[in-house]
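Geometric and topological summary
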Amino acid sequence: MIGAKSRRILITGGNAGLGLALAKKLARRHSLLLSGRKSQIDVADVLPQGAGYVVADQNDPVLSTQALVTGIRDYGWDGLDNAVLNAGIGIAPPHGIDSTEAIRQTLDVNLLALILQAQALFPLLSKSKGTLTLIGSVVHSGSATIPAYAASKAGLHGLARSLRAEWKGQVSVQVLHPGSAKTEIHEKAGYDPGVMRSLFLDPDDVAAMMASAIAARRSPVRLSWVRYLNGGAFTGRRL
Ligand SMILES: NC(=O)c1ccc[n+]([C@@H]2O[C@H](COP(=O)([O-])OP(=O)(O)OC[C@H]3O[C@@H](n4cnc5c(N)ncnc54)[C@H](OP(=O)(O)O)[C@@H]3O)[C@@H](O)[C@H]2O)c1
């Protein structure tokens, strides 16, 4: 049951990986609307109980943004307390050079869609002095093997800095940069981390750090092993 203090939280990419881990962590205390590319039927068994779901395929940034806004309205929300723009993809180019198609897809899903979503969600977030959270990556500062992915995350870093200044006093804006976590994203990207995967963080631990960082509203925040070992998941702040 949702208590009086529950927040209305949108999590894009909430049907798998880090988004789903965060949703499961928050589901008992808050009202959740999740989005993804897959159909409602395909994800029905994995979603936390009580969470709403919207299909919004960010391969089409314009239509998916419209789908999100419509989905929020149809869910009965006239405002938002938190929007966690987490959906993303990686594509590991076979020879270190992305095809034009792969570059475009990466930038559409990871960057252009999030810029449009941020613009479209501003009126809903400002009604409740809410928080916009962009999920970047520690590789936003560069990575030799995934250039377009790194560029898309660098774009989010700049977007967060810009909106944080522009929306000051109206909507809090932050970017969180996770380190490697044990989700399916690497396999989907065509990248095999091999034995390094054993060093990746557990998605539940990253989700705990995400929740703590969202509650603190700081930006930018790296969610890495170093932060984890320094107690980043247990700062005393609770979303
Ligand atoms: N895992 C890591 O090591 C790591 C490290 C740094 C940053 N990150 C970032 O964290 C975020 C979540 O990653 P993850 O590891 O949880 O990945 P994941 O397990 O592959 O999950 C990705 C999520 O994004 C959604 N998504 C992908 N393409 C989409 C599209 N075209 N339209 C709408 N939704 C789409 C997926 O929905 P469907 O299942 O419906 O496609 C899924 O819910 C991403 O932004 C990623 O870049 C991850």
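Up top is the structure.
A brief structural summary. (Residues numbered from 1 in each chain as written. Predicted model: local features only at pLDDT ≥ 70, side-chain atom pairs only at ≥ 80, totals over all residues. Heavy atoms only, no water.)

A few points about the nonpolar core
General note: in soluble globular proteins, nonpolar side chains tend to be found buried as a group. Residues Leu22, Leu32, Leu34, Leu176, Met210 and Leu223 are the most contacted members of the largest nonpolar core, which totals 31 residues. Sort the elements by how many residues they give to this core and helix 7 (residues 203–216) lands first, with 8 residues. Within the second largest apolar cluster, 28 residues are counted, among which are Leu33, Ala56, Ala118 and Trp167. (Core = buried A, V, L, I, M, F, W, Y, C linked by side-chain atoms within 4.5 Å. Buried < 20%, exposed > 50% of the residue type's maximum accessible area, 1.4 Å probe, protein only. Helix = DSSP H or I, 4+ residues; strand = E, 2+ residues; numbered from the N terminus.)

Here's the deal with the environment of threonine 133
Residue position: threonine 133 is located in strand 5 (residues 131–135). Leave out the neighbours within four places in its chain, and threonine 133 touches Ala83, Val84, Leu85, Gln174, Leu176 and Ile214. At 2.9 Å, the side chain of threonine 133 forms a polar contact with the side chain of glutamine 174. (Contact = heavy atoms within 4.5 Å. Polar contact = N/O pair within 3.5 Å; in protein donor to acceptor, adjacent residues only side chain to side chain.)

Side note on the pairing of strand 1 (residues 8–12)
Counting buried positions along strand 1 yields 4 of 5 residues, so the element is predominantly enclosed. Where strand 1 lies against strand 2 (residues 31–36), 5 bridges are found, and the strand directions are parallel. Note on strand 2: the bridge partner recorded for isoleucine 9 is leucine 32. Traced from strand 1 through helix 1 (residues 17–26) to strand 2, the parallel crossover comes out right-handed. (Pairing = 2+ DSSP bridges. Right-handed = clockwise from strand over helix to strand, strands pointing away.)

Considerations on the pattern of salt bridges
Summed over the entire model, instances satisfying the criterion amount to 2 salt bridges. For the salt bridge of arginine 8 with aspartate 78, the shortest nitrogen-to-oxygen distance reads 3.4 Å. Placement of arginine 8 in strand 1 and of aspartate 78 in the loop between helix 3 (61–74) and strand 4 (82–85) is noted, with a sequence separation of 70 residues between them. Look at arginine 8 and you get partly exposed, because its relative accessible area is 22%. Arginine 8 serves as the salt-bridge partner of aspartate 81, at 3.2 Å between the closest nitrogen and oxygen. In this pair, aspartate 81 is assigned in the loop between helix 3 and strand 4 and arginine 8 in strand 1, connecting sequence segments 73 residues apart. Overlapping salt bridges, with partners in common, bring together Arg8, Asp78 and Asp81 in one network. (Salt bridge = Lys/Arg side-chain N within 4 Å of Asp/Glu carboxyl O.)

Focus on helix 1
With 7 of its 10 residues buried, helix 1 lies for the most part within the structure. What helix 1 keeps buried is the set Leu18, Gly19, Leu20, Ala21, Leu22, Ala23 and Leu26.

Concerning the site of the ligand
Taken together, 32 residues lie around the ligand, and Asn15, Lys38, Tyr149, Ala181 and Thr183 are the ones closest in. Contacts to the ligand include glycine 13, whose backbone N or O atom sits 3.2 Å from an oxygen atom. Lysine 153 is positioned with one of its side-chain polar atoms (N or O) 2.9 Å from an oxygen atom of the ligand. In isolation the ligand exposes 890 Å². Once the protein is present, 98% of that is buried. Only helix 1, helix 5 (147–166) and helix 6 (185–189) provide two or more residues apiece to the shell around the ligand. The leading source of residues in the shell around the ligand is helix 6, at 3 residues. (Near = heavy atom within 4 Å. Areas by Shrake-Rupley, 256 points an atom, 1.4 Å probe, with all protein chains shown as cover.)

Thoughts on the packing of aromatic side chains
For the coordinates displayed, the defined rule picks out 3 aromatic pairs. Taken together, a centroid distance of 5.1 Å and an interplanar angle of 75° make the contact between tyrosine 75 and tryptophan 77 edge-to-face. Its relative accessible area of 31% is what places tyrosine 75 among the partly exposed residues. Residue class for tryptophan 77 comes out buried when judged on its relative accessible area of 10%. On the numbers, 4.6 Å between centres and 40° between planes, the contact of phenylalanine 122 with tryptophan 167 is tilted. Note that phenylalanine 122 is positioned in helix 4 (residues 100–127) and tryptophan 167 in the loop between helix 5 and strand 6 (172–178), a separation of 45 residues in sequence. (Phe/Tyr/Trp six-rings, centres within 6.5 Å; stacked < 30°, edge-to-face > 60°.)

Some details on unusual backbone geometry
Residue proline 220 follows serine 219 across a cis peptide bond; omega there is -10°. Mapped onto the elements of the fold, proline 220 is located in the loop between helix 7 and strand 7 (221–223). Look at lysine 129: it is not a glycine, yet its phi comes out positive at around 45°. As for its placement among the helices and strands, lysine 129 is situated in the loop between helix 4 and strand 5. A residue is classified by how much of its surface remains accessible, and lysine 129, at 55% relative accessible area, is exposed. In this model, arginine 217 sits at a positive phi of 60°, which is unusual for a non-glycine residue.

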